[in-house]
Amino acid sequence: TSGPPAVIYIRHDTGTGGGKANDYADNSAIYVVGDNVTIQDLTVDKDFLDGSYAVGIYAEGTNNLNISGVEIRNLSVRYGIFVVDSSNFVISDAYIHDFLMDQSGVASDMVDSAPAGIRTLRSDNGVIRDSRIYDIEVGPNGRNSTSELRPAYGIQGHQADGITISQSSNITVENHDIWRSGALF
């Protein structure tokens, strides 16, 4: 079949998801658990602004995951695509853009995990390629650190990432176009 890609709109956000990876399961547009999953040619759009913790695609404990041709736009604080405790995945041709945390005064800890277009955590054997990631921003005011480990960090400013690879192994990252991530222009 042909035509424009499907669009999933995020209409509700629980406001949770800021401490543990699995907190995001209840606060994502797409939550993936299981093996041999393909997500292709899809748009995730959050059409309200609130500085919350929504995640576009959250995959946990998957094996053989393929995400391609997705667009994720207008999220607030966390991640466009978040892959946790997973193996053998490919993320390609993603267009992730226009995240802005500083919308409603919601405090958020920017020390342990800054907003990112794509993030992996405790995952292995993955490829992330050929994606465009633009305007992943914390905002001009930043937020005070709420970290018990580093409370003296103070305001975190423009800390944000295009791609974050954390506690992961054998991950290949290639051929990306990342602009205006971590700064407000």
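Check the entry above for the structure.
Conventions we followed
Residues numbered from 1 in each chain as written. Predicted model: local features only at pLDDT ≥ 70, side-chain atom pairs only at ≥ 80, totals over all residues. Heavy atoms only, no water. Phe/Tyr/Trp six-rings, centres within 6.5 Å; stacked < 30°, edge-to-face > 60°. Helix = DSSP H or I, 4+ residues; strand = E, 2+ residues; numbered from the N terminus. Buried < 20%, exposed > 50% of the residue type's maximum accessible area, 1.4 Å probe, protein only. Lys NZ or Arg CZ within 6 Å of the ring centre and 35° of its normal. Pairing = 2+ DSSP bridges. Axes fitted to C-alpha atoms, helices over the stretch in contact; angles between N-to-C directions. Salt bridge = Lys/Arg side-chain N within 4 Å of Asp/Glu carboxyl O. Core = buried A, V, L, I, M, F, W, Y, C linked by side-chain atoms within 4.5 Å. Contact = heavy atoms within 4.5 Å.

**Student:** What's the story with the packing of aromatic side chains in this structure? I'm lost.
**Tutor:** Working definition: an aromatic ring pair is given by the centre-to-centre distance plus the angle between the planes. This structure, assessed with the given rule, holds 5 aromatic pairs. Relative to Y58, the ring of Y31 has its centre 5.5 Å away and its plane inclined at 20 degrees; by these criteria the two rings are stacked. Taken together, the residues span a long stretch of sequence, with Y31 in strand β2 (residues 28-32) and Y58 in strand β5 (residues 55-60) at a distance of 27 residues. Relative accessible area serves as the criterion here: at 40%, Y31 is assigned to the partly exposed category. Here Y58 falls in the buried class, since its relative accessible area comes to 0%. Geometrically, the ring pair formed by Y134 and W179 is edge-to-face, given 6.0 Å between the ring centres and 65 degrees between the ring planes. Here Y134, found in strand β13 (residues 132-137), pairs with W179, found in strand β16 (residues 177-179); they are 45 residues apart in sequence, far enough to count as distant. Directly above the aromatic system of Y95 lies the positively charged group of R132, at a separation of 3.9 Å from the ring centroid.

**Student:** Honestly, the sheet that holds strand β6 (residues 63-68) in this entry has me stumped. Any pointers?
**Tutor:** Strand pairing in a sheet relies on backbone hydrogen bonds. The paired strands run either parallel or antiparallel. Taken together, the 5 strands give an open sheet; going across it, the order is β3-β6-β9-β12-β15, and neighbouring strands pair in parallel fashion. Each of the sheet's edge strands pairs with one partner strand only, and the pair in question is β3 (35-40) and β15 (169-174). Averaged over all adjacent pairs, the angle separating strand axes in this sheet is 5 degrees, with direction ignored. Note: β3 against β6, 5 bridges, orientation parallel. Opposite V37, over in β6, you have L65 as the bridge partner.

**Student:** In this structure, what is going on with the pattern of salt bridges? I would like to understand it.
**Tutor:** Any two side chains of opposite charge can pair if their charged atoms end up close together. Evaluation of the coordinates by the stated rule reveals 3 salt bridges. Salt-bridge contacts for E71 lead to R73; the nearest nitrogen and oxygen are separated by 3.1 Å. Assigned by exposure class, E71 and R73 land together as buried. For D85, the salt bridge identified is with R122, shortest N-O distance 2.8 Å. Separated by 37 residues along the polypeptide, D85 in the loop between β8 (79-84) and β9 (87-92) and R122 in the loop between β11 (116-121) and β12 (124-129) bring together distant segments of the chain. Residue R122 is classed as partly exposed on the basis of its relative accessible area, which comes to 38%.

**Student:** Where do I start with the nonpolar core in this structure?
**Tutor:** Grouped burial of nonpolar side chains is what soluble globular proteins tend to show. I57, V70, I72, I81, I91 and I96 are the most contacted members of the largest nonpolar core, which totals 26 residues. Within the residue set of this core, elements represented by two or more residues are β2, β4 (42-46), β5, β6, β8, β9, β10 (95-100) and β13. Aside from chain neighbours lying at most four places away, what touches I96 is I72, G80, I81, G117, I118, R132, I133, Y134 and I136. V55, Y79, F82 and V84 belong to the second largest nonpolar core, which has 7 residues in total.

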